[in-house]
Amino acid sequence: MGKATPRLDGPAKVSGRAKYTSDVAPAGTLYGAILRSKWPAARVRSINVDKARTAPGIRAAIAVPGEFTVHFYGQELAAVAGVTRQAALDALSLIEVDASPLPFVVNELDAIQPDAPRVVPERPNLLPAETEKAGDVDAAFASAAAVVEDVFATQVEIHNPLEPQGDVVAPEGDEFTAWCSTQGIFDSRNDVANILGVPQNKVRVICEHMGGGFGSKIESWGNRGLCAWLAKTAGAPVKLILTRFEQALSVGNRPSSFQKIKLGADASGKLTAFEMTLFGTGGPVVDPSDPGGGVIFVPAPYIYPAPNTRVRKSKLAVNAGRGTWMRAPGHPPASVGMEGILDELAVKLGMDPVEIRVRNDPHEIRRREYQIGAEKFGWKDKYRQPGASPGPVKSGVGCAGSGWMSGGEGTQAEVQVNPDGTVEVRCGTQDLGTGSRTVVAVVAAEMLGLDAAQITVRVGDTRLPPSGLSGGSATTASVGPAIYDACEKTLAELKKLSGIDDPRGAHWREACGKIGPNPLVVPGRWREGLSTGGAGGVQFAEVEVDTDTGFVKVRRMLCVQDCGAVVNKLTCESQLNGGIIMGLGYALYEQRVMDPQTGVVLNPNFETYKLPGAADVPEIELLLLDMPERGIIGVGEPATVPTAAAIANAVANAIGVRMTSLPITPDKVLAALGKLPAGAGTGAKDSVLQQAFARVAQAPATPATPFFTGRRGRAYA
Amino acid sequence: MKRSGSKSDSPGRSQRTAAGGVTRRGFLKGLGTTALTAAVVSARGVAEELERANAETPQGPGAVPVTLNINGEKKTFALEPRVTLLEALRTHAGLTGAKEACDRATCGACTVLLDNIPVYACSLLAIEAQGAEITTIEGLAKTGELTALQQAFVDKDGLQCGYCSPGFVLTLTALLRRNPHPTEAEVRQACTGNLCRCGSYPRILAAALKTAGLKTTSNTSVLRWSDHALA
């Protein structure tokens, strides 16, 4: 453990042999396609698929039954399956939809107006405000040595895993095999069984390789149900893979946030009061209890507590695709707001930003990380007063921290030892690209005294012992302890059967030779004490801002991450790199843009939805804080949390003006520098924002919903 | 040569037929730009040219025989002319290494080599790829032994989910064939037509530089808490 082990499926992936869901094609596979709403809001009376059903090459045509309301452009209406993709696409144009368009609203600052079209007719677009209070905020602000106040806005971000959402569902008698691109094979199995109305033991889900999810493949979206129904209707395998365009419409996104924050501190920089009013959209919020990707799960105050707090957070409905969990839900927006306002406080008090963080951070590990990071980064030499950088291209530095619950939970696994000494480890988890397959081998190899390459790992099949969905950075911490447990019990059994006291390593073959003709199969399960939560991390950013073009270039990122027990150094590093690079996209490039006139997503593809590319990647330095005594924790999400905040702080430090709206695009930078005419730039007008916050303040109050109520929720720090 | 530019730099690639003649599409595309620059061809003239071009023996809309030279083997398929090279490879030739991720020439997951030049297979019709030597990811390690670049991808962890990997490997294979000793800037430049959502770029660069014989230094250190705990 802790060494750099190349991922087991690396050779298959770099040679094109790895089969992803989209690569699977059982004999006679039909190709599915979905008809989606061209209206952002409409009442659909009926859908007629008769002409499509009898079109050349079409084997099944189905429609959403009955009358229903369309809440966003791209909502699923009907689907067909045909012998070729071309036949299916042609048949979509033969489907007749009887519908009346309705008024719609797609942007937050329009939807919050009292006279805006209602997304759900029965209620206002702004939902009741979840309210939390502690202490006496007003008194604390009145006696504070310094008070700062600002408004921050974060955008809707689209997951855009490179592999689109999709499934292949094949009926065989009364059973179904479904190849799903999913972050949870057992959840998907239950969903498919439920949709088809068949018992769960009649559905098998396979996900051998997965092309990324980032949260978007936790839920089963409409396309999975349509694919399963097409397969059942046609009595043949159906492959339904979404296009990149569809990927932007109806399979989730990271919700937006608008945050008005007021922060007070005493003269030493110790926080005394925090107030936040927040709203954001997670889509149409048809069901008021829909978390919409955690619009209101923005921890406040984020990681730096204050004794007196008042927080109001509201979900806002718009006619656009639903929000869902995305890499560290709630935390990147929370970090952008809190770390930004904290820097403003530091400037006001004349304090060093690192110093004010260390003073206010209760997390011992993170405090130390700030100190280690500042030293390695050269913070003392690089930090200057905001805007002090000379010349037209200004450089600046910033920092920010993260906290994530991580931790693991119930997973089962089994180890099969064959008489010839070969080993197969089986666990029904899935490998999203995070390296969980390799983690299984690394832990088993360590326990059994073998090389990881000697162990065959089976994952991604509901016929294997169950594991939970991959979310919350919980996979390694869930799977690792189960493998440990199974291996420990295997060794005990083997010792008993072979009479060899320590059957590991050098004695392995000899011991296995004594188990008889049948393999030894030993189950194990997750247990307490081998994994932990409460992962802290910090990042430092150095940027250059061209004040003539408004272009921001990130030069360097430094990350100090609490990794618990590092299982595989190589894949751990890759996750940190990936989190930072995704955070860079959130800071500077990515944003779903809705057209208020037509209600469509204007940038549903990669030429207009800009992802970070190779040329955008800065020098990245990783410091892994290896603490085996803490047990296993996950790092996939924590690494993406503080990146955007650190970059935004560095931009403010460079130009002396704070960019409070993400992404920090050149037009916003130029507008902030007064280099564009008034009203130019894509940032929202202050008066409109203040009106919006006033509406949240007036919204009816309701108690806060807990984010997670389970054990892992308690582990959050 | 810039990867994404390789298509615009050599527009003849998709416009030439196997026999070296000019296709209708290529002709009209050329006509459009010529017409704009020369400003002599009237709209009516363009319409007449279109009509004439359409009078050439049309292909489709039904399936036509299409012969592709894939990884050194010639195979003939019955394909509608609107079938892309990517779909021909994935669905008809059973070669699923090239992935469809954007279907509009922006992400590079579908990259294949056409006469050693990386192209987006999603944005080229199969009938246009006739006569060229097509190399897919499956054609690189035919004997099962990885190429040096592929092995470097594995060793340096130049991948996470792996969906972009076949595209990156082929793009960089082409780079290293025409420039065995690129600088880091040249590697980055070559990769501008490929996207990796997992953010494996630092390791992809390291894999390419390792293959080129350049030393790469690790930017990672492992710290022990016991050495760094607060006093």
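Conventions we followed
Residues numbered from 1 in each chain as written. Chains lettered and ligands numbered in written order. Predicted model: local features only at pLDDT ≥ 70, side-chain atom pairs only at ≥ 80, totals over all residues. Buried ≥ 20, exposed ≤ 12 C-beta atoms within 10 Å, placed from the backbone. Helix = DSSP H or I, 4+ residues; strand = E, 2+ residues; numbered from the N terminus. Pairing = 2+ DSSP bridges. pLDDT = per-residue confidence, 0-100. Contact = placed C-beta atoms within 7 Å. Nonpolar A, V, L, I, M, F, W, Y, C, P; charged D, E, K, R; others polar. Core = buried A, V, L, I, M, F, W, Y, C linked by C-beta atoms within 7 Å. Axes fitted to C-alpha atoms, helices over the stretch in contact; angles between N-to-C directions. Expected span 1.5 Å × (residues − 1).

J.: So what exactly am I meant to see when it comes to the pairing of strand S21 (residues 533–546) of chain A here?
T.: For a regular strand, side chains alternate in direction, first toward one face of the sheet and then toward the other. Residue and element names in this part refer to chain A. Summarising burial for S21: 12 of the 14 residues are buried, a large majority. In the sheet, strand S16 (residues 393–406) pairs with S21 via 13 bridges, with the strands oriented antiparallel. Bridge pairing links Val397 to Glu542 in S21. Where S21 and strand S22 (residues 552–562) come together, nine bridges link them in antiparallel fashion. Considered in S22, the bridge of Val543 is made with Val554. With antiparallel pairing between neighbouring strands as the criterion, S21 and S22 make up a hairpin whose turn holds five residues, including Gly550 at a positive phi of roughly 80 degrees.

J.: Looking at this model, I keep getting lost on the confidence of the model for chain A. Mind explaining?
T.: Caution applies to low-pLDDT regions: their predicted coordinates should not be interpreted in detail. Of the residues in chain A, 97% reach a pLDDT of 70 or more, and the chain-wide mean stands at 95. Residue range residues 709–717 of chain A is modelled with pLDDT below 50. Its contacts to residues more than four positions away, or to other chains, number 21 contacts.

J.: Looking at this structure, I do not really get the interface of chain B and chain A. What am I missing?
T.: In many reports, interface size means the accessible area that the parts give up when they come together. The interface of chain B with chain A comprises 55 residues on the first partner and 59 residues on the second. Only helix H6 (148–156), helix H7 (165–178), helix H9 (201–211), strand S6 (220–224) and helix H10 (225–228) of chain B provide two or more residues apiece to the side of chain B that touches chain A. Here the side of chain B that touches chain A gets five residues from one element, more than from any other, and that element is S6 of chain B. In terms of residue class, the side of chain B that touches chain A is made up of 27 nonpolar, 15 polar and 13 charged. For strand S23 (residues 619–626) of chain A and S6 of chain B, the ladder comprises five bridges, and the chain directions are parallel.

J.: It is not clear to me how the nonpolar core should be interpreted in this structure. Could you clarify?
T.: A general feature of soluble globular proteins is that nonpolar side chains tend to end up buried together. Residues and elements named next belong to chain A. Core analysis: the biggest nonpolar cluster contains 283 residues, and Ala444, Ile483 and Val651 have the highest contact counts within it. Those residues in contact with Ala444 that sit more than four places away from it in its chain are Val415, Val423, Val425, Ile455, Ile483 and Cys487. Among the nonpolar cores identified, the runner-up in size contains five residues, and Phe214, Ile218, Met326 and Leu469 belong to it.

J.: Teacher, can you tell me more about the sheet that holds strand S12 (residues 238–241) of chain A here?
T.: Across a sheet, paired strands are connected by hydrogen bonds in the backbone, their directions being either parallel or antiparallel. All names here are of chain A. If you walk across this open sheet you meet the seven strands as S3-S5-S1-S12-S9-S10-S11, and the pairing is mixed. The sheet is open, and its two edges are formed by strand S3 (58–63) and strand S11 (203–206), each paired on a single side. The mean inter-strand angle of the sheet, taken between neighbouring strand axes irrespective of direction, is 20 degrees. Relative to strand S10 (residues 175–180), strand S9 (residues 166–172) is paired through six bridges, and the arrangement is antiparallel.

J.: Could you clarify how one ought to interpret helix H14 (residues 475–498) of chain A in this entry?
T.: An α-helix turns once every 3.6 residues. As a result, residues three or four positions apart point the same way. For H14 of chain A, with 24 residues, the first-to-last C-alpha span of 34 Å sits near the 34 Å given by 1.5 Å per residue. Gly499 of chain A sits one or two positions beyond H14 of chain A and adopts a positive phi of about 75 degrees.

J.: What exactly am I supposed to notice about the sheet that holds strand S6 (residues 96–101) of chain A here?
T.: All names here are of chain A. Spatially, three strands are ordered S4-S2-S6 in an open sheet, and the strand pairing comes out antiparallel. This sheet does not close on itself; its edge strands, each paired only once, are strand S4 (68–70) and S6. Each neighbouring strand pair of the sheet contributes to a mean axis angle of 35 degrees, computed without reference to strand direction. Note that strand S2 (residues 42–48) and S6 share six bridges and pair antiparallel. Within S6, the residue paired with Arg43 across the bridge is Ser100.

J.: Quick question: what am I supposed to make of the pairing of strand S14 (residues 271–281) of chain A here?
T.: All names here are of chain A. With respect to burial, S14 is a largely interior element, 11 of its 11 residues being buried. Sheet analysis places strand S13 (residues 257–265) next to S14, joined by eight bridges and oriented antiparallel. Within S14, the position partnered with Leu263 by the bridge is Phe274. Linking two consecutive strands that pair antiparallel, namely S13 and S14, is a turn of five residues; a positive phi of about 90 degrees is found at Gly269 within it.

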